[in-house]
Amino acid sequence: MTNFAFVYNQLKELEADKLLRKLCCMTPAQGAAVSRNSSSRRLVNFSSNDYLNLACDGRVVDAGCEAIRRWGFGASASRLICGTMEPHVALEREFAAFFRKEAALLFTSGWTANEAILRALPRKGDLILMDKADHASIIDAAAASEAEFRTFRRDDLSRLNRLLEKTKYNRKFIVTESIFSMDGDSADLAPLVNLKKAHDAILIVDEAHSAGCMGATGAGLAEELGLLADIDILVAPLGKAFGAAGAVVAAERAVVDYLVNTARPFIYTTAPPPANSAAALAALEIVRSEPQRRRQLSENASYLRRRLTGKSLNIGNSMSHIVPVIIGEPHSALTAAERLCEKGFLLVAIRPPTVPPGTARLRISVQASHTREQFDALAEGLADVLQA
Ligand SMILES: Cc1ncc(COP(=O)(O)O)c(C=O)c1O
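Along every chain, residues carry numbers that run from 1 in the direction the sequence is written. At least 70 in pLDDT is required for a residue's local features to be given in this predicted model, at least 80 for side-chain atom pairs to be given and counted, and no such filter applies to totals for whole chains, interfaces and linings, which use all residues.

> Can you walk me through the overall build of the chain in this structure?
Secondary structure counts use DSSP, requiring at least four H or I residues in a row for a helix and at least two E residues in a row for a strand, with both numbered from the N terminus. Scanning the chain from terminus to terminus reveals 15 helices and 14 strands. Expected size for 388 residues packed as a compact globule is a radius of gyration near 21 Å; at 21 Å, the chain falls within 12% of this value. Over its C-alpha atoms, taken along the principal directions, the chain stretches across nearly 60 × 55 × 55 Å. Across the chain, contacts joining residues at least 24 apart in sequence account for 70% of those joining residues at least 6 apart. Computation of the radius of gyration draws on C-alpha atoms alone. For the globule rule, the value is 2.2 Å times the number of residues to the power 0.38. Contact between two residues is assigned whenever their backbone-derived C-beta positions fall within 7 Å.

Okay, here's the thing in structure tokens:
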């Protein structure tokens, strides 16, 4: 007799609503191809965030392997005990310079970075203002913070302005993604900068999906718009374009020192493996020295968006390498994903609660190494499956 009847019931409900999620085991094959669950069948992977194909780049892999030999695998302690090693320090120095901030701090993931910032900086009496589509790590961190929080929509900044005008709060924090992870559209960073300046607010930008991919040197959307200096805190998860893991937070030195002293998700956890920092540093070097990768990514994404809109598929307001094909109900998105898998494409159905009800979708992640033939075949496959 199990004590977990409530768990079984919940799983059954999720299954009935077509919302049950399951893990699949992937094996990387050539370029943007994978095989799934030990099958010998290759699928073109349109779901990976390895936008610049750096996760399997020989230089990144070699840097990681060499670092394992030199530093061992695990860091053996938290950063403040004896887990800080040269690769961590070098990574923080280089990323601070990359984002043109005084200092940077490495976290074990983007999730913990957002959690750390929003639980350490906003206090009781403060207000956190988040875009409605912000990542779950931001939403959960804001909900757990001592501060109050409200959401705004990026297509209605008048609400944000009204919230910023409220005088009963001590400090106000605006938190946004730069490229939204499920929609592929962008935050209007220039008006956000103007609002934060007008109201003496603090602006935090999560560049998870643009760092490495946008900007003259690859520092992200804020760099592309000439706004790096106006962003108070930049968050750059390394598990996407940098092909590694962890996240860097870049800000002025005092903010980093403050996080080192107060951010519990930083203090009370084992330092990330030093080899991960060494690999991420090698990836950063490639991002800096091979701008052709992000040019190719951008050309690929424009090409795909044109092909999909040409087929009258609903890609929302995507303007980036994240291109959703919005379908509606979870069962339709699941069926479409299964049929596309039969045609040789890996596209995962994204369903509520990750996206709002009625907007289940296939989220296409473009990679620099995808080819026009692959995009053409995908567009045909999608039209075939969705417009049959
Ligand atoms: C915008 C955004 N922020 C943070 C994260 C979390 O980063 P990590 O995967 O490193 O925890 C993600 C995705 O995973 C994301 O899309």
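Next comes the rest of the write-up.
> Would you mind going over the domain arrangement of the chain with me for this structure?
As used throughout, domain bounds are those supplied by an automatic or database domain assignment. Segmenting the chain into domains produces domain 1 (18-47 + 291-386) and domain 2 (58-289). Spacing between the C-alpha centres of domain 1 and domain 2 amounts to 27 Å. Listed as interface residues are 15 residues of domain 1 and, on the opposing side, eleven residues of domain 2. The set of elements that each furnish at least two residues to the side of domain 1 that touches domain 2 consists of helix H13 (291-310) and strand E11 (322-328). The element contributing the most residues to the side of domain 1 that touches domain 2 is E11, with three residues.

> Can you help me understand the sheet that holds strand E3 (residues 43-45) in this one?
Backbone hydrogen bonds are what pair the strands of a sheet, in a parallel or an antiparallel way. Pairing between two strands is assigned when DSSP locates at least 2 bridges connecting them. Strand order in the open sheet formed by four strands is E1-E2-E3-E12, and the pairing between neighbours is mixed. If you trace the sheet from one side to the other, it starts and ends with strand E1 (26-28) and strand E12 (345-346), each paired once. In the sheet, E1 pairs with strand E2 (residues 33-36) via three bridges, with the strands oriented antiparallel. If you follow Thr 27 over to E2, its bridge partner there is Ser 35.

> What's the story with the packing of helix H2 (residues 58-71) against helix H12 (residues 274-289) in this structure? I'm lost.
For any two helices packed against each other, the geometry is given by the interaxial angle and the distance between the axes. Throughout, an axis means a line fitted to C-alpha atoms (over the contacting stretch in the case of helices), and angles, computed between N-to-C directions, take values from 0 to 180 degrees. Direction vectors running N to C along H2 and H12 enclose 150 degrees, while the axes themselves pass 8 Å from each other. Classified by the angle between their axes, H2 and H12 sit roughly antiparallel to one another. The chirality of how H2 crosses H12 is right-handed. Taken together, the residues of H12 that come into contact with H2 (itself represented by Arg 59, Val 60, Ala 63, Gly 64, Ala 67, Ile 68 and Trp 71) are Pro 274, Ala 275, Ala 278, Ala 279, Leu 281, Ala 282, Ala 283 and Ile 286. In terms of residue class, the contact of H2 with H12 is made up of 13 nonpolar, one polar and one charged. Put simply, angles under 35 degrees are roughly parallel, angles over 145 are roughly antiparallel, angles from 65 to 115 are roughly perpendicular, and the rest are oblique. By definition, any crossing whose near helix is turned counterclockwise from its far helix by less than a right angle is left-handed, and any crossing with a clockwise turn is right-handed. Residues are sorted three ways: Asp, Glu, Lys and Arg are charged, Ala, Val, Leu, Ile, Met, Phe, Trp, Tyr, Cys and Pro are nonpolar, and all the rest, Gly among them, are polar.

> So what exactly am I meant to see when it comes to the nonpolar core here?
Grouped burial of nonpolar side chains is what soluble globular proteins tend to show. Grouped together as the largest cluster of nonpolar side chains are 123 residues, with contacts concentrated most on Ile 128, Ile 204, Val 249 and Ala 283. It is H12 that provides the largest number of residues to this core, a total of nine residues. Among residues more than four places away in sequence, those in contact with Ala 283 are Leu 54, Val 60, Phe 242, Gly 243 and Ala 244. The term nonpolar core means buried Ala, Val, Leu, Ile, Met, Phe, Trp, Tyr and Cys residues held together as one set by C-beta atoms within 7 Å. Counting other C-beta atoms within 10 Å of its own, a residue is labelled buried from 20 upward, exposed at 12 or fewer, and partly exposed in the gap between, with every C-beta atom placed from the backbone.

> What should I look at first to understand the pairing of E11 in this one?
Put simply, side chains in a regular strand alternate between the two faces of the sheet. Counted residue by residue, E11 has six buried out of seven residues, so it is predominantly covered. Where E11 meets strand E14 (residues 360-365), six bridges bridge the pair, whose relative direction is antiparallel. Its bridge partner lying in E14, Ile 326 is registered against Arg 361.

> What's the story with the sheet that holds E11 in this structure? I'm lost.
Strands sit in the order E11-E14-E13 across an open sheet of three strands; the sheet is antiparallel. On the outer flanks of this sheet lie E11 and strand E13 (349-350), each paired with one strand and no other.

> Would you mind showing me how to read the environment of Leu 127 here?
By the secondary structure assignment, Leu 127 is in strand E5 (residues 127-131). Judged by the 21 C-beta atoms lying within 10 Å of it, Leu 127 is buried. Once the C-alpha coordinates of Leu 127 and Ser 318 are considered, the two residues, 191 residues apart in sequence, prove to be 30 Å apart.

> Explanation requested: the packing of helix H4 (residues 86-98) against H12 in the structure shown.
Where H4 contacts H12, the axes come no closer than 8 Å and their chain directions differ by 30 degrees. Looking at the two axes, H4 sits roughly parallel to H12. By crossing handedness, the relation of H4 to H12 is classed as left-handed. In this structure, H4 uses Pro 87, His 88, Ala 90, Leu 91, Glu 94, Phe 95 and Phe 98 to contact H12, whose residues at the interface are Pro 274, Ser 277, Ala 278, Ala 280, Leu 281 and Leu 284.

> Before we go on, may I ask you to explain the pairing of strand E9 (residues 233-237) in this structure?
The buried fraction of E9 is high, at five of five residues. A two-sided burial pattern is seen for E9, the buried positions comprising Ile 233, Val 235 and Pro 237 on one face and Leu 234 and Ala 236 on the other. Pairing between strand E8 (residues 202-206) and E9: three bridges, direction parallel. Its bridge partner lying in E9, Asp 206 is registered against Val 235. Relative to strand E10 (residues 247-251), E9 runs antiparallel, the two sharing four bridges. Looking at E10, one finds that Val 235 is bridged to Val 249.

> Looking at this structure, I do not really get the site of the ligand. What am I missing?
The environment of the ligand is formed by 13 residues, the closest being Ser 109, Gly 110, Trp 111, Ser 181 and Ala 208. It is helix H5 (residues 110-120) that contributes the most residues to the shell around the ligand, three residues altogether. Here the shell around the ligand is built from residues that sort into four nonpolar, seven polar and two charged. By convention here, the C-beta atom is placed from the backbone, and a residue is near a molecule or strand when that atom is within 6 Å of it.

> Sorry if this is basic, but what is going on with helix H6 (residues 136-144) here?
For an α-helix the count is 3.6 residues per turn, leaving residues at separations of three or four pointing the same way. Along H6, the residues classified as buried are Ser 137, Ile 138, Ile 139, Ala 141 and Ala 142. At its buried positions, H6 is contacted by H5, E5, strand E6 (148-152), strand E7 (172-177) and E8.

> What is the right way to look at H5 in this model?
In terms of residue burial, H5 counts as a mostly covered element, since eight of its eleven residues are buried. Residues Gly 110, Ala 113, Asn 114, Glu 115, Ala 116, Ile 117, Leu 118 and Ala 120 constitute the buried set of H5.

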